[in-house]
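# Architecture and fold: a report
Here is how the chains run, residue by residue.
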Amino acid sequence: MEKRSYMVNSVVQKKQAQKFLSFVKNTLSTYEYHPKRIVDLGAGDGALTYALKQVYPNAYVLGVDKDAEVLKEGIKRWKGVEFSCRDILQLEFREAFDLVVSSSVFHWLGKDWHKGVQKVWEILEEGGWFFLHQGGRWTYYFLYDFAERIYTEMTGEVLKHTEVLFYPTLKEFKKHLSKHFVVVSAFSHIEFQQDYSLKELVKSFSVAGARAFTDRLSPKQREEFLARLFTRADEEEIPVFGRRLYGVMRKPLTVKVVPARLEEVEFLIEKYEGEFVPPLFKRPSAGGELGGGSLCEYIKSLSSARVLAAKKDGRVIGCLCYKIQALPFVSKPVPLVSTVIVEKPFRSAGVGRALYQKAISENRELYVRTWSTNTNHLKLLKSLGFQEVYRIENHRGEGIDTVYLRYSHERV
């Protein structure tokens, strides 16, 4: 199997790339985000690169791979996208990208994996997205073990695939990515052999993972290595499973958080009032009762609130409102955050964090009221040091509790 057969033999890679593409598309759709400049790192034959162009026809799409022979297949076949034969670690561009994707490639960076993550940081614009898919620890372990045995039989040398490839645990994966980015989500998915036939897996392995060994062999040895791989994998009934890692990251936005008039942020409240539980149009006031009101009453109740606006290039993209309020479990009125909103395209990019940090800096202690299924909000609050202090079970519906949290500058 020579390099030119990648397009034919990369069956598993293409199936994985299709799943990955759907994941990218669905995630960005949720955020109402429309990328303008996209780069596919480790594009191979360009199948994913071209598919991205079909999903985002108005975007500039570039596929990058350092293997000229494999890339040549995509250049011949796919139109409407550009390709560049370059090493990921050597990339430099005049313009930044707002979407970087990479599927089944980063493990090939081995000990330079961290440099690859740093490079993505450099070529990504603020607020841009990075979607990463690669193998995790123990991925295709038995297949690699089998290939290691064949390599030793043929050369008399020992070569461990972990000397060439970096397959991290999920914990390592999250840790390394969070050093640079806001990690929106990071998770793993286990694929068992029934997801692909052994023949498909070995074909795909022959043009991918097996190269950790074949790239060190002569053309004649390479041919023999692959012949043994195909014949004996079936004979020995090699068990195959993979742990796929998925990471969704954003490069934080630098925003300016300033005091604002209520009129400046009303459009955000009106636009996203339906996302609250219950909706704001059913509430008589901010931070008060949860039923029997209107949106007009809710906004009017914020006239005495401290309003903070997050601005990017002069445009308001988020807000936080808090006011002094009596709570059922405290002896005196306290500052309570009632309303936090970030426009969808700018969420998970550090805007909410910046708003809260400003509010925290203005108060010795700060309370927040939210609901138990508002998981992203709760995750942010806990990362900032807020602690739950009061809960009303099923207050907002079956299984939906009202949760109060508190931040204090005083160390307990």
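With that out of the way, let us pick up the sheet that holds strand S10 (residues 315-325). An order of S8-S9-S10-S11-S12-S14-S13 is seen for the 7 strands of this open sheet, with the pairing classed as mixed. With partners counted over all chains shown, the strands left at the sheet margins are strand S8 (256-259) and strand S13 (387-392), one partner each. Taking the axes of each pair of neighbouring strands and ignoring which way they run, one obtains an average angle of 30 degrees across the sheet. Across 8 bridges, the pairing between S10 and strand S11 (residues 334-342) is antiparallel. In the strand pairing of S11, Tyr322 is matched with Val337. Where helix H11 (residues 262-272) meets the sheet, it contacts strand S9 (306-312), S10 and S11, and its direction lies at approximately 95 degrees from that of S10.

The next thing to look at is the pattern of salt bridges. Once the charged atoms of two side chains with opposite charge are near each other, the side chains can pair. Here the structure, examined in full by the defined rule, presents 28 salt bridges. Arg261 is the partner of Glu264 in a salt bridge, and the nearest nitrogen-oxygen pair spans 3.7 Å. Each of the salt bridges in this network shares a partner with another, and the network as a whole consists of Asp145, Arg149, Glu153, Glu224, Arg228, Arg232 and Glu236.

Enumeration according to the criterion identifies 30 aromatic pairs in this entry. With a centroid separation of 5.8 Å and 25 degrees between ring planes, the pair formed by Trp129 and Phe131 is classed as stacked. On the basis of relative accessibility, which here comes to 0%, the residue Phe131 falls in the buried class. Here Phe213 and Phe225 contribute two aromatic rings whose centre-to-centre distance is 6.0 Å and whose plane-to-plane angle is 20 degrees, an arrangement assigned as stacked. Residue Phe213 is located in helix H9 (residues 211-214), and its partner Phe225 is located in helix H10 (residues 219-235); the two are separated by 12 residues in the primary sequence. The burial state of Phe213 is the same as that of Phe225; both residues are buried. A network of ring pairs unites the aromatic residues Phe20, Phe23, Tyr31, Tyr33, Trp129, Phe131, Phe187 and Tyr246 as a single cluster. Seen from the ring of Phe93, Arg86 lies directly overhead, with NZ or CZ sitting 4.8 Å from the centre.

Quick notes on the rules
Residue positions are given per chain, counted from 1 along the sequence in the order it is written. The model is predicted, so local features are restricted to residues of pLDDT at least 70 and side-chain atom pairs to those at 80 or more, both for listing and for counting; the totals for chains, interfaces and linings are taken over all residues. Processing note: side-chain calculations cover all non-hydrogen atoms of the structure and skip hydrogens and water entirely. Pairing between two strands requires that DSSP report at least two bridges joining them. Only runs of H or I of at least four residues qualify as helices and only runs of E of at least two qualify as strands under DSSP, and these elements are numbered from the N terminus. Comment: axis = line fitted to C-alpha atoms, over the contacting stretch for helices; angle = value between 0 and 180 degrees taken between N-to-C directions. Contacts: residue pairs with any heavy atoms within 4.5 Å of one another. We define a salt bridge as a contact between a side-chain nitrogen of Lys or Arg and a carboxyl oxygen of Asp or Glu at a distance within 4 Å. Note on aromatic contacts: the rings of Phe and Tyr and the six-membered ring of Trp form a pair at centre separations within 6.5 Å, being stacked when their planes are under 30 degrees apart, edge-to-face when over 60 apart, and tilted otherwise. Only protein chains enter the area calculation, which uses a 1.4 Å probe; residues under 20% of their type maximum are buried, those over 50% are exposed, and those in between are partly exposed. Both a distance and an angle decide whether a charge sits over a ring: NZ of Lys or CZ of Arg must be within 6 Å of the ring centre and within 35 degrees of the ring normal.

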